[in-house]
Amino acid sequence: MEDDAPVIYGLEFQARALTAQTAETDAIRFLVGTQSLKFDNQIHIIDFDDENNIINKNVLLHQAGEIWHIGASPADKEVVTTCYNKTNDSRVVSCAAVWRMPSNWEIGNHESPDDSAHNPQTLELLCHLDNSAHGNAACVLWEPMGDGKRVISLADSHVLLWDLSESSRQATISSTATLEGKGQLKFTSGKWSPHHNCSQLATASDTAIRVWDLRTMSQIYCIENAHGQLVRDLDFNPNRQYYLASCGDDCKVKFWDVRNIQEPIKTLEEHSHWVWSVRYNHSHDQLVLTASSDSRLILSNMVSISSEPFGHLVDDEELSEGEDNHQEEKSKEPLKDSVVSTYEEHEDSVYAAEWSSADPWLFASLSYDGRLVINRVPRALKYRILL
Amino acid sequence: MDAIEADDPAASSEDPARRRRVHGMLKLYYGLNEEGKAGETPESLDPCDINGPHFDPEHYLNKLRRECTLSELMDQETCMVKQIRSLDSDMQTLVYENYNKFISATDTIRKMKNDFKKMEDEMDCLSANMAAITDFSACISGTLEDQHAQITKLSGVHTLLRKLQFLFELPARLNKCLELQAYAQAVSSHRRARCVLKQYSHLPSFKGIQDDCLTIMEKLAQELRLKFRDGGSSAKDLSECVELLLQLDEPAEELCEKYLNHARSRLEVDLQGLEAEIRPSPTASAAKDAAVRRPSPNSAAVSPADAVPKMRSLPSPTVNTDILEFIDRGCNEFVSSLCLVIASYQQLFINHAQTGELASKNIHQMANSKLHTFVDDLAVRYFSLVERRIQEEKGVADNSLLVRALDRFHRRLQAVAKLMPGSSVPNQGTEIVIRAANERVKQYLAALQSFYMDSLTDVRQALATPRLSMAGQGVGGHLGGPASSRDAPSSLPELLSSLSASILNQIKSVLASVHLFTAKDITFSNKPYFKGEFCCQGVRESLVVSFIKFVCQSSRQFCESAGDKGGSTPPSLLLLLSRLCLDYETSTISYILTLTDEQFLAQHHSPVTAVTALCAEAREAAQKLLNHYVKVQGLIISQMLRKSVETRDWVNTIEPRNVRAVMKRVVEDTTSIDVQVGLLYEEGVRKAHSSDSSKRTFSVYSSSRQQARYAASYTPSAPMDTNLLSNIHKLFSERIDIFSSVEFNKVSVMTGIIKISLKTFLECVRLRTFGRYGLQQIQVDCHYLQMYLWRFVSDENLVHFLLDEIVGSSAHRCLDPAPMEQSVIEVICERG
């Protein structure tokens, strides 16, 4: 079907940072942060019109520096955090800040997109997550499903838990934790667990995955050598509290049951280079998205370790009657973990992939050359999961 | 002459015919068949032949007249007249001779007529005499009849009296026999009298005799039983006892039982002897049991408590009897006495019962079934002992001993089979042999596996030693290449060949050992199991195929277990194993299997693993190992590159004057890897490249085009063109799979390693920010890599492309992108 064709959007700059607008549950909206050393960096607000298959973009200027990480507030759709690099006197410093997007961007841009491109609006700085004392910020995490008042920033080897004031204009450090060990340990990424009352945080540093208790700010457990090489990204299964996915430079995606961290319960080796991002679908956690610097995006169907392990026994005939016949093979083996699809629309390394917060069957991926691709879960699979 | 013939045509026509007849008769008479003219057969059809049957005088005459001259005619005529005359005289002589004979015959007939008349008279006289004799004879027999009847009656009375006498004397006789221990005679006497006594037992006198006899016989039976029960008596005595008892109507069942019990106690002694040879496995209680049961006079006297230590101390010296001795002992003692027992039992109870008057189906069947349970029971115990002993045979050093022992074991059981055709014992024995053979095959597999692992450990050590020294030199600043090429060549291919040769030898020797099981002179080798299933399932599948699978399996494990950190397995071992597996795929597997099939003449009834499947498995293992090798080596180099990019402050670096040391190290390491791989793998094909490849500059980022590209990316008017050039480039070049499968050749392996390294370099560069000199340093480094790395890869464009990407990306990540002049870069690189 035509609807399944990917939609491609090109940015002028190179980009690594991508997020779905978490607080927005109606419109399909993604935020992309660009990386340019010479020009003013931008945040692109990508609106996807599902019915007409059209992309609407809006550009906001992010003049502070090139964006390495972007996070959208779960409570206020206008509030975002970014981690950015800025250059002072031939020194490159990574900072983090909370921003507010102008509220009127939406209306203005819809009517005259050309004008807005020439005269983009600027983000309003709410507050710096000032952590120069602690080092370079790697990423900022919002409390999942929270009220938008708590964020965590990872800076070098420190975990900083911030409380934001009502207007988010002020941020104070409520507690910190420090990673201790040999050498210069740095966090590469982290994930705030939505389970256990949001009291756990998983971080990746070198080849280890550590999980912290935020109430005591102490390490609960550590999966040493989770990957053969650097761990690049993590994600918690949104529906099963003990399940965690990780990916890294050994080209593997591993799924862990944290109650037994000796061995991963599942390993995927589909990518031919480093895997930079792994994301569970928010509603149907058998769907896992992985992005890799082999320029590929892979959607896997991990039925056996999902919260719906037995799936739904679909009457195959019914399905194949009305639906695409080429998916028939998959529908005949309802319980198999398998790669659903490999997306090859990117020409450069894909550093980020995100599910839409509004439509669980839609996802976006961003490659370094600034290409954003929006794809859908294949229909046959969608109906099999639903029906 | 003419006139005569003309006058008497009849005479002349008759004459030749008559003459011919006479001539023929004469010839017959004198037997002159061959003397006649041979040339003229009598049947000649010529009418001119004077002696032929078709002679035509007219014709003849005409012919003569036509053909002959006058003088010739005259000669002819005289000749003919002469012949006619001689014939006439012959005839006359004949007539005279026959007349004389006729006259003498007539005389003889007349004389005979007179003689016959006289003979008739004499015959009449003879018949009258015979009638008189008959009359006399009848008269004599009539007078003698009375006396004859009397004599017959008298002789009957005599025999009866003798019988009676025998009966009256019987008790005394029996007593005497009993005294003399002539039991057989007693029994036969009694048997003779028994019926009579029984019949006339209503008469008091006979009753008395019978009672006497019975008590005596009872006593006798008692005595026999005693003798039977007493173990000391010889087999012959024993069988005699049994025979007599049977004749005495002793219940056969009880006898069988007793007999067998008796035999059992003797056989148990043998079994215990065997058990004692098996070392400590008999538990204390078993030993106690054995001691209690042991019926030999010695141990019967010893109390069980005493017996235990004795039993314990007993096995220790005999621990080391080898299996052959053990089986020998078992055969000689147990099996042979078992056979004896069976034979004598059958003689006594089965064959005898069949012939004797005791023959009744019941006894026969009962005896047979008893024997079977007895034999089965003992055989089970014997077998369990044998099996225990066989299980103790763990060492695989000398298989021939085991095979010989099994052969002997099996062979001796055939005797039992012959004696007892329906018995399950030989089958059970065969099963034990089969189990032992299977066990042995398993042990060989384990031995092969551990041999393989040991060899690998050796190889690993051999690899570790030279490598250490090499690494030391490398650190010391020498060029790694020559050092490694000096050390490695002596080791890698040699190690490979010695490894594969030793494995092959081991397999061969194991096959040879296993082959003993199917040798022609081994009795069980012609069992269907050993002909078919053992060869194909046992040897081929569970030994050879399993081993090959194990090799592949363990190779794969090297990839998996070592996978994460890449540390535990030395890369050269991976390379070596990969080559080993590849060799297996190409030749070794089919060689081994052919060898096996030839040696074992396996007819594959059941489906067996195909050579191709094994080859595929080996190839897969080889592929996996080689991929892993590439990955490990790639990661080692990647790690160097990554550290070098991550740890440097690229914004505040100084103007490049040299190629960074790490790049030199990368090239050195790549060179030594190249040498290492070259030792085991062929060169492989590479795409044609221009002759001045090393001098080639990067087209994309050199001079004007490079400027254009950068200009484009920084021109706000055309923001979408940022990566146009690079994107177009990518569109037309194939997607590069970094950690992809490699082919089995050097170039492909090197390409894989370089791809991994450069891609890492690229990704690391993208995470950094560069100053002007940082970019220039990258330019220099990349040019240096370009100068050296192209020669290793199959497609130099790949190296160009990745290096382009690196420089391009670092230009993007540069705060002040001012690229270095190409000429300067070249100068720096050439300086080293």
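Residues numbered from 1 in each chain as written. Chains lettered and ligands numbered in written order. Predicted model: local features only at pLDDT ≥ 70, side-chain atom pairs only at ≥ 80, totals over all residues. Heavy atoms only, no water.

Draft legend 1. View of helix α15 (residues 399-419) of chain B. With 21 residues, α15 of chain B extends 31 Å from end C-alpha to end C-alpha; this agrees with the ideal 30 Å at 1.5 Å per step. Those residues of α15 of chain B that fall on the buried side of the exposure criterion are Asn-399, Leu-401, Leu-402, Val-403, Ala-405, Leu-406, Asp-407, Phe-409, His-410, Leu-413 and Val-416 of chain B. (Helix = DSSP H or I, 4+ residues; strand = E, 2+ residues; numbered from the N terminus. Expected span 1.5 Å × (residues − 1). Buried < 20%, exposed > 50% of the residue type's maximum accessible area, 1.4 Å probe, protein only.)

Draft legend 2. Region of the structure containing the interface of chain B and chain A. Each partner contributes residues to the interface: chain B has 34 residues there, and chain A has 42 residues. Between chain B and chain A lies a buried interface of about 3,400 Å² when both sides are counted; carbon and sulfur atoms form 48% of it. With a shortest N-O distance of 2.6 Å, Glu-66 of chain A and Arg-813 of chain B are connected by a salt bridge. Across the contact surface, chain B and chain A share 10 residue pairs in polar contact (both at pLDDT 80 or more). Secondary structure elements with two or more residues in the side of chain B that touches chain A: α20 (611-646), α23 (724-732) and α24 (746-766) of chain B. Residue contributions to the side of chain B that touches chain A peak at five residues, all from α24 of chain B. (Contact = heavy atoms within 4.5 Å. Buried area = accessible area lost by both parts, 1.4 Å probe. Salt bridge = Lys/Arg side-chain N within 4 Å of Asp/Glu carboxyl O. Polar contact = N/O pair within 3.5 Å; in protein donor to acceptor, adjacent residues only side chain to side chain.)

Draft legend 3. Expanded view of unusual backbone geometry. For Asp-156 of chain A, which is not glycine, the phi torsion reads 45° and is therefore positive. Under the relative-accessibility criterion, Asp-156 of chain A is labelled partly exposed at 22%.

Draft legend 4. Focus on the packing of aromatic side chains. On inspection of all chains with the given rule, the structure shows 19 aromatic pairs over all chains. For the pair Trp-276 of chain A and Tyr-351 of chain A, a centre-to-centre distance of 4.4 Å together with 65° between the ring planes defines the contact as edge-to-face. Taken together, the residues Trp-276 of chain A in strand β23 (residues 275-280) and Tyr-351 of chain A in strand β27 (residues 350-355) connect sequence positions 75 residues apart. Residue classification places Tyr-351 of chain A among the buried positions, given a relative accessible area of 6%. Ring pairing ties together the aromatic residues Trp-274, Trp-276, Tyr-351 and Tyr-368 of chain A, which thus form one cluster. Positioned above the aromatic ring of Trp-276 of chain A, the side-chain terminus of Arg-232 of chain A is 4.1 Å from the ring centre. Over the ring of Trp-650 of chain B we find Arg-648 of chain B, and its NZ or CZ is 5.3 Å from the ring centre. (Phe/Tyr/Trp six-rings, centres within 6.5 Å; stacked < 30°, edge-to-face > 60°. Lys NZ or Arg CZ within 6 Å of the ring centre and 35° of its normal.)

Draft legend 5. Inspection of the pattern of salt bridges at higher detail. Residue and element names in this part refer to chain B. The final tally for this structure, using the stated rule, is 35 salt bridges over all chains. Among the salt bridges present, the one from Glu-268 reaches Arg-381, with a minimum N-O distance of 2.6 Å. Here Arg-381 lies in helix α14 (residues 361-391) and Glu-268 lies in helix α8 (residues 252-277), a separation of 113 residues in the sequence. On the basis of relative accessibility, which here comes to 8%, the residue Glu-268 falls in the buried class.

Draft legend 6. Representation of the confidence of the model for chain A in the model. Residue and element names in this part refer to chain A. A residue-level look at chain A finds 87% of positions with pLDDT of 70 or above and a mean pLDDT of 82. pLDDT under 50 marks residues 107-117. Its contacts with residues more than four places away, or in other chains, come to three contacts. Across residues 312-332 the pLDDT falls below 50, and counting only partners more than four positions away or on other chains, this stretch makes 24 contacts in the model. (pLDDT = per-residue confidence, 0-100.)

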